[in-house]
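# Structure assessment
Okay, here's what each chain looks like letter by letter:
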Amino acid sequence: MKKLFISTLLLLGLSMNVYAQKHPPVPPHPSKNELVNIKMQELTKKYNTEKKLILNHPLATKKMKRDQMKALNERFQVEKRLLQKAK
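Residues numbered from 1 in each chain as written. Predicted model: local features only at pLDDT ≥ 70, side-chain atom pairs only at ≥ 80, totals over all residues. Heavy atoms only, no water.

## A look at empty space enclosed by the protein
Applying the stated criterion across every chain, the model contains one cavity of 30 Å³ or more. What the largest cavity holds in volume is close to 50 Å³. Leu-43, Lys-46, Tyr-47, Glu-50, Leu-72, Arg-75, Phe-76 and Glu-79 together form the lining of the largest cavity. Listed by contribution, the elements that provide at least two residues to the lining of the largest cavity are α2 (32-55) and α3 (62-86). A per-class count over the lining of the largest cavity returns four nonpolar, no polar and four charged. (1 Å grid on protein atoms, 1.4 Å probe; cavity = no way out; pocket = protein on both sides within 12 Å on 5 of 7 lines; lining within 4 Å. Points joined across faces, edges and corners; volume = space filled by probe spheres on them. Helix = DSSP H or I, 4+ residues; strand = E, 2+ residues; numbered from the N terminus. Nonpolar A, V, L, I, M, F, W, Y, C, P; charged D, E, K, R; others polar.)

Shown next, in the form of structure tokens:
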């Protein structure tokens, strides 16, 4: 009985060790600056796509495009300032 108990514990210990080796530890979380940089890149990409959509709109007049671009630029500057404060 004692040998069975010892062999069971040994087998259980070895199987746990193998299981732990199969699953690597979780990678570290990105730093605050890295998160801010990622958000800044996403914001810039979003700004560029919206700008392209506004400028290439077939029915909008020059005045409408100018007003939309002005609003887009203001919104972009505000969001950019907020991200820079977060750093």
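Moving on from the model shown.
## Looking at the pattern of salt bridges
By the definition in use, this model includes three salt bridges. Across the salt bridge formed by Arg-75 and Glu-50, the nearest N and O atoms sit 2.6 Å from each other. Within this pair, whereas Arg-75 is found in helix α3, its partner Glu-50 is found in helix α2, the two being separated by 25 residues in sequence. Across the pair Asp-67 and Lys-63 runs a salt bridge whose closest N-O atoms are separated by 3.6 Å. Note that Asp-67 and Lys-63 are positioned in helix α3 at a spacing of four residues, about one turn of the helix. Looking at Asp-67, the relative accessible area reads 41%, which means it is partly exposed. Given the relative accessible area of 52%, Lys-63 is considered exposed. (Salt bridge = Lys/Arg side-chain N within 4 Å of Asp/Glu carboxyl O. Buried < 20%, exposed > 50% of the residue type's maximum accessible area, 1.4 Å probe, protein only.)

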